[in-house]
Amino acid sequence: MSESPGRGLRLLSLDGGGIRGVSELVILHEIVIRVQAKRGLSKIPRPYKYFDLIGGTSTGGLIAIMLGRLRMSTAEALTAYGQISSIVFSAKKFFLQDGGFKATVLENAVQKIIMKYGEHHNKQEEILDLRHGSNGGKTCVWINDQWDWLPVITLIV
């Protein structure tokens, strides 16, 4: 996380936008490839090692969880996001229901990712990071009420 004192905070903010979230991951993947080349690293670096806080809202929040909390590589996140989006964004709600897509479908997809990439393989315990002094930043997800544009919940894990 912090390589030198006084360098300031490194923040990664990821916007929502449904399937368009893949473009954020593609751009970030290109950035980490360039970091690898510039620093002469043997492996492509994972974003959690370079950012003090990774945050997002909506699908950006999902990406933030994958990159920050689950410490996935950008390549792993791209693969998982592709799998999720094909399931989640095809399960549309009926016309009179709130939102465009079913939350239960998204929740089930997220739980599968947590089970696959998490350390404990327990979907209830995995989301909270209880590691103290770990090398890496924190993850923050903003959840908004559909009718108010003010954040209702801010989850920092």
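All values derive from a computational prediction rather than experimental measurement.

## Looking at the overall build of the protein chain
- From N to C terminus, the protein chain includes 5 helices and 4 strands.
- Ordered by position in the sequence, the α and β elements of the protein chain form the string β-α-β-α-α-α-α-β-β.
- A total of 157 residues make up the protein chain; the buried ones form 37% of that total.
- Considering only residue pairs separated by 6 or more positions, the protein chain has 58% of its internal contacts joining residues 24 or more positions apart.
- Only carbon and sulfur atoms are counted for the fraction: they give 60% of the accessible area of the protein chain, which is about 9800 Å².

## Topic: the UniProt feature "short sequence motif: GXGXXG" (unreviewed entry) in the protein chain
- As annotated by UniProt and renumbered to match this structure, "short sequence motif: GXGXXG" (unreviewed entry) occupies residues 16-21.
- Overall, residues 16-21 shows 17% helix and 0% strand. The separation of its end C-alpha atoms is 6 Å.

## Let's talk about the packing of helix α1 (residues 21-39) against helix α2 (residues 59-69)
- Two elements in contact, α1 and α2, have axes whose closest approach is 9 Å; the angle formed by their N-to-C orientations is 35 degrees. Remark: the crossing between α1 and α2 carries right-handed chirality. Counted together, G21, E24, L25 and L28 of α1 and G60, I63 and L67 of α2 form the full contact between these two elements.
- Among the residues making up the contact of α1 with α2, the classes are represented as 4 nonpolar, 2 polar and 1 charged.

## Some points on the side chain of E24
- With respect to the helices and strands, E24 occurs in helix α1.
- With residues up to four places along the chain from it excluded, the contact list for E24 reads L14, D15, G60 and I63.

## Overview of the pattern of salt bridges
- Applying the stated criterion across every chain yields a total of 2 salt bridges.
- When the shortest N-O distance is used, the salt bridge between R46 and E76 registers 2.9 Å. With R46 in the loop between α1 and β2 (53-57) and E76 in helix α3 (residues 74-88), this pair connects stretches of sequence that are 30 residues apart.
- Taking relative accessible area as the criterion, R46 reaches 29% and is therefore assigned partly exposed.

## Description of unusual backbone geometry
- Positive phi, normally seen in glycine, also occurs at R71, with a value near 55 degrees.
- Checked against the element boundaries, R71 lands in the loop between α2 and α3.
- For R71, a relative accessible area of 16% corresponds to the buried category.

## Details of the confidence of the model for the protein chain
- Put simply, the protein chain has an average pLDDT of 76, and 67% of its residues get 70 or more.
- The secondary-structure element of the protein chain with the lowest mean pLDDT is helix α5 (residues 123-126), recorded at 51, while α1 shows the highest, at 94.

Thresholds applied
Residues numbered from 1 in each chain as written. Predicted model: local features only at pLDDT ≥ 70, side-chain atom pairs only at ≥ 80, totals over all residues. Heavy atoms only, no water. Helix = DSSP H or I, 4+ residues; strand = E, 2+ residues; numbered from the N terminus. Buried < 20%, exposed > 50% of the residue type's maximum accessible area, 1.4 Å probe, protein only. Contact = heavy atoms within 4.5 Å. Areas by Shrake-Rupley, 256 points an atom, 1.4 Å probe, with all protein chains shown as cover. UniProt positions renumbered as here; feature names shortened; annotations may be inferred. Axes fitted to C-alpha atoms, helices over the stretch in contact; angles between N-to-C directions. Left-handed = near helix turned anticlockwise from the far one by under 90°. Nonpolar A, V, L, I, M, F, W, Y, C, P; charged D, E, K, R; others polar. Salt bridge = Lys/Arg side-chain N within 4 Å of Asp/Glu carboxyl O. pLDDT = per-residue confidence, 0-100.

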